[in-house]
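Geometric and topological summary
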2 protein chains.
Amino acid sequence: MTVFTSAYFTMTEQEAIEYAKTRLNYFAPDAELDCREIGDGNLNYVFKLTDHKHNKSLIIKQAGPVARISDEFKLSPDRNRIEYEILDLQNKLAPGFVPKVFSYDPIMNCTAMEDLSDYTIMRTALMRHEKFPLFADHISTFLVNTLLLTSDVVMGHKEKKELVQKFTNPELCEISEDLVFTEPFYDCPRNEVFEGTREFAKREIWEDPKLQLETAKLKFEFMTHAQSLLHGDLHTGSIFVKEDSTKIIDPEFAFCGPAGYDVGNVIANLIFAYVNAKYTMADGEERQVQLEYLENTIEDIIDLFKKKFLRAWEEKATEQTARYDGFKEYYLDAVLRDTAAVTGLELCRRIIGLASVKDVTSIEEYSSRAAAEKICLAAGKMFIMDRESFKTGEDFVRILKDCEKRF
Amino acid sequence: MTVFTSAYFTMTEQEAIEYAKTRLNYFAPDAELDCREIGDGNLNYVFKLTDHKHNKSLIIKQAGPVARISDEFKLSPDRNRIEYEILDLQNKLAPGFVPKVFSYDPIMNCTAMEDLSDYTIMRTALMRHEKFPLFADHISTFLVNTLLLTSDVVMGHKEKKELVQKFTNPELCEISEDLVFTEPFYDCPRNEVFEGTREFAKREIWEDPKLQLETAKLKFEFMTHAQSLLHGDLHTGSIFVKEDSTKIIDPEFAFCGPAGYDVGNVIANLIFAYVNAKYTMADGEERQVQLEYLENTIEDIIDLFKKKFLRAWEEKATEQTARYDGFKEYYLDAVLRDTAAVTGLELCRRIIGLASVKDVTSIEEYSSRAAAEKICLAAGKMFIMDRESFKTGEDFVRILKDCEKRF
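Computed from a prediction, not measured in an experiment: that's the story for all the values here. (Residues numbered from 1 in each chain as written. Chains lettered and ligands numbered in written order. Predicted model: local features only at pLDDT ≥ 70, side-chain atom pairs only at ≥ 80, totals over all residues. Heavy atoms only, no water.)

A few points about the packing of helix α8 (residues 209-224) of chain B against helix α13 (residues 366-385) of chain B
Residue and element names in this part refer to chain B.
- Between α8 and α13, the least distance of the axes is 10 Å, while the angle of their chain directions is 60°. In terms of their interaxial angle, α8 and α13 are classed as oblique. By crossing handedness, the relation of α8 to α13 is classed as left-handed. The segment α8 lies against α13, with K210, L211, E214 and L218 engaging K381, I384 and M385.
- Looking at the contact of α8 with α13 residue by residue, the classes come out as four nonpolar, no polar and three charged. (Axes fitted to C-alpha atoms, helices over the stretch in contact; angles between N-to-C directions. Helix = DSSP H or I, 4+ residues; strand = E, 2+ residues; numbered from the N terminus. Parallel < 35°, antiparallel > 145°, perpendicular 65-115°, else oblique. Left-handed = near helix turned anticlockwise from the far one by under 90°. Contact = heavy atoms within 4.5 Å. Nonpolar A, V, L, I, M, F, W, Y, C, P; charged D, E, K, R; others polar.)

Listed below in structure tokens is the structure:
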């Protein structure tokens, strides 16, 4: 029998069943367990265990010893502790928006959590051109609750400093520092650029020193501005959806950084869904409806975020100077500026950098994919360069519509 | 015999002698030790031990259980660990500019360090209207070495994050957050305002919502911008000088914050020395020479800081994006902006807030003290409000000269 208490090893499906039976008090003794490794991320093994007899299921997520994205990234499996603790905290800050966590095992580096099999990964669902009318409302609540309530506006400053210390995340931050802020903006050998886009990337991105300068500023803000506890990787592959519910998963990149980072990641990934719909759906009313749904979702997320942010500020700000005239508007403006910048960074890095998104890579027709990618890069650049000018949801959609006309 | 290994207690002079004899391997066995408690700060007991037989001396600095500034501040004596570790680090970054440290005792919360009795506290020396022609050169080297070399420009980003974690300093940061950024800017009961200044403070500071808004922005930057490892309390009472040498002491407020914070504190405290000379020296050439010395020192510190900063950047920057065209100028501009802002904050808080400076309080003549304080407040406000416009040493001196003419 496998021993789980002495040293870490990566489990097989069979060992995950044994682990659940001997180490977790979740399934009945007479459970008939079946297990499948369903991880499609880059960093972890995800075991789904099902007890067919009692119709009960569970996820065991185990950190791999090396990031699966590439052998070049060596990651400490301690990131699973971070994930467990942050899910626990997010459950308190934004109840119902993250999976329930049952246990964390520091030796095996794994977390047992709620199975969300009746949900779909949002990226997959959007690529099937499904719509989630409640998503803007859900995600804006999640964003306001996790971002504002972990800032110095609301949190006691000593407690906030403990939060910064606890969620210091050097290895996963380094991945973002390299893959989001650095490599996409020069001709880095590790980039993976689609042939139909290379010339455009070279001219518009790599050969623009003004753009590079702005990315350096943003990189330093990302590294040094401990504003709020972030999810840190809030793309549509980190979001589970069903008609009436949204669950945010995979917070292993969590750390205290600029609040706009999470908001910008959501917006950029909806833009990927937009170009996917535009270039993979047949021209017609259904496509038009899907594109409008995505535009409205982007617009609503920003406008609902603003509204809920200001309302939560009024209700919950504890910092005395946060009540000074004009301060909350100044603060929110800065979050929107960072949101625009990160929307732009994410748009560029998913097109040029190492970690692409299926929304775009699945566009089969060569010139369509090139057009989709150029829209993302052109919009990305404008989001970065003009980031001070984004104040409303409409401002965010306008750039997308403008760039769409160019290709 | 007193036992020093079981639990913390605050030592008497006699117990400090016993401590040195039994716990430190510094004095000879036949030493004839004499001890005086010479602390004039607010937070610690400072024992000076002298062996008259062998002409050797040592400082033992012990953290008190409660800040001596006021019983309202409860401080963990762990700040002495922070002080030991930072002196050790600063010795490596800026050799010769901090006292040597010999030992740290985590039970007694005390540090044994080099005795600097042949030095004078700079505030005292400047109040005697002495001059230190090498000071601008020394302090600018100290500032560049400690601030730039602990930033993400030079330091590896993972190592930097460890530094942020290690020097998290919630209790002493809270003192600064309250006493520097908050209380001076409204009619806080804890403020100690000179009668001749109260009306001016009320009108120009407390009743100016635009100024308050800026202080809120600066407070949030102080709390969240982990740019460089700061000294954190770099006023002229934390600097020992003699003709050919400068030693920076008391780094117990150290944490990672905005680099301009340390530079601004130095500049503001030279302005206090300036108004002291102006209003306590007899009108005549000697006064003129002293005022010019202080003006030149302020100007030189800024200009030498800029020059050495850019040179060290060229030599030592490791971050790839830090080499992008225009980035170091952008970064240095931001440090100068923060320097101006903190100069202004320090000028206001020492006049209005709880912790005053002797340079000003020792001005005996009522209307002179009021004039000196109004110069500081008027300049302070301009440094905060116009902080974007300070680019050279001359810019810093000009404000002082302009405000001087008004009172």
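Next, the rest of the story.
A look at the interface of chain A and chain B
- Taken together, the 38 residues of chain A in the interface contact 38 residues of chain B.
- Taking both sides of the interface into account, the surface hidden between chain A and chain B amounts to around 3400 Å²; carbon and sulfur atoms contribute 66%.
- Area buried by chain A at its contact with chain B is led by K161(A), F220(A) and Y324(A), which between them contribute 19% of it.
- Linking chain A to chain B there are six salt bridges.
- Applying the counting criterion to the chain A and chain B interface returns eleven residue pairs in polar contact (both at pLDDT 80 or more).
- Secondary-structure elements contributing two or more residues to the side of chain A that touches chain B are α5 (157-166), α6 (170-179), α8 (209-224) and α11 (327-352) of chain A.
- Sort the elements by how many residues they give to the side of chain A that touches chain B and α8(A) lands first, with ten residues. (Buried area = accessible area lost by both parts, 1.4 Å probe. Salt bridge = Lys/Arg side-chain N within 4 Å of Asp/Glu carboxyl O. Polar contact = N/O pair within 3.5 Å; in protein donor to acceptor, adjacent residues only side chain to side chain.)

A closer look at helix α14 (residues 393-406) of chain A
- Buried within α14(A) are the following residues: G393(A), D395(A), F396(A), V397(A), I399(A), L400(A), C403(A) and E404(A).
- Structurally, α14(A) contributes buried residues whose contacts are with α9 (260-280), α10 (285-316), α11 and α13 (366-385) of chain A. (Buried < 20%, exposed > 50% of the residue type's maximum accessible area, 1.4 Å probe, protein only.)

Section: the pattern of salt bridges
- Scanning the entire structure with this criterion turns up 76 salt bridges over all chains.
- Residue E177(A) pairs with K161(B) through a salt bridge whose shortest N-O separation is 2.7 Å. Here K161(B) lies in helix α5 (residues 157-166) and E177(A) lies in helix α6, a pairing that spans two chains. You'll find E177(A) and K161(B) in the same group, each marked buried.
- When the shortest N-O distance is used, the salt bridge between R190(B) and E183(B) registers 2.5 Å.
- On the accessibility criterion, R190(B) (17% relative accessible area) is buried.
- Through salt bridges with shared partners, one network takes in R203(A), E204(A), D208(A) and K381(A).

Concerning the nonpolar core
- In terms of nonpolar packing, the biggest core is built from 227 residues, with F135(A) and F135(B) touching the most fellow members.
- Setting aside its immediate chain neighbours within four residues, F135(A) contacts M122(A), I239(A), V241(A), T246(A), V266(A), L270(A), Y293(A), T297(A) and I301(A). (Core = buried A, V, L, I, M, F, W, Y, C linked by side-chain atoms within 4.5 Å.)

Digging into the side chain of T146(B)
All names here are of chain B.
- Along the chain, T146 turns up in helix α4 (residues 135-148).
- Side-chain polar atoms of T146 contact the backbone oxygen of L143, separated by 3.4 Å.
- Not counting chain neighbours up to four residues away, the residues in contact with T146 comprise Q90, L93, A94 and L229.

Here's the deal with the relation of the copies chain A and chain B
- Mapping chain A onto chain B calls for a screw motion: a turn of 180° about the axis and a shift of 0.0 Å along it, with 0.0 Å RMSD after fitting. In the structure described here, the two chain copies are related by an operation that fits a two-fold rotation axis.
- The share of interface residues of chain A whose copies in chain B are also at the interface is 100%, consistent with both copies meeting through the same surface. (Least-squares fit on C-alpha atoms with pLDDT ≥ 70 in both.)

Topic: the environment of P95(B)
- The topology assignment puts P95(B) in the loop between α2 (79-93) and β4 (101-105).
- Its relative accessible area of 55% is what places P95(B) among the exposed residues.

With respect to helix α6 (residues 170-179) of chain B
- Listing the buried residues of α6(B) in full gives L172(B), C173(B), I175(B), S176(B), E177(B) and L179(B).
- The elements touched by buried residues of α6(B) are α5 of chain A together with α2, α8, β10 (255-257), α9 (260-280) and α11 (327-352) of chain B.

A word on the sheet that holds strand β9 (residues 245-248) of chain A
Residues and elements named next belong to chain A.
- The strand order across the open sheet formed by three strands is β6-β8-β9, and the pairing between neighbours is antiparallel. In this open sheet, the two edge strands, each paired with only one partner strand, are β6 (120-121) and β9.
- When β6 meets strand β8 (residues 239-242), the two strands line up antiparallel, connected through two bridges. By the bridge assignment for β8, I121 is matched with F240.
- Strand contacts of helix α4 (residues 135-148): β8 and β9, with the helix running at about 40° to β9, the strand carrying the most contacts. (Pairing = 2+ DSSP bridges.)

Considering the pairing of strand β8 (residues 239-242) of chain B
- Looking at chain direction, β8(B) and strand β9 (residues 245-248) of chain B are connected through four bridges and run antiparallel. Following the sheet pairing, F240(B) is matched in β9(B) by K247(B).

A look at the environment of G284(A)
- One can find G284(A) in the loop between α9 and α10.
- Through-space distance from the C-alpha of G284(A) to that of M385(A) is 34 Å; in sequence the pair is 101 residues apart.

A short note on the pairing of strand β4 (residues 101-105) of chain A
Residues and elements named next belong to chain A.
- Across four bridges, the pairing between β4 and strand β5 (residues 110-113) is antiparallel. Bridge pairing in β5 links V101 to M113.
- Between β4 and β5, which pair antiparallel in sequence order, lie four residues; one of them, N109, sits at a positive phi of approximately 50°.

Notes on the packing of aromatic side chains
- Taken as a whole and assessed by the stated rule, the structure comprises 44 aromatic pairs over all chains.
- Taking NZ or CZ as reference, K56(A) lies 4.3 Å from the ring centre of Y26(A), over its face. (Phe/Tyr/Trp six-rings, centres within 6.5 Å; stacked < 30°, edge-to-face > 60°. Lys NZ or Arg CZ within 6 Å of the ring centre and 35° of its normal.)

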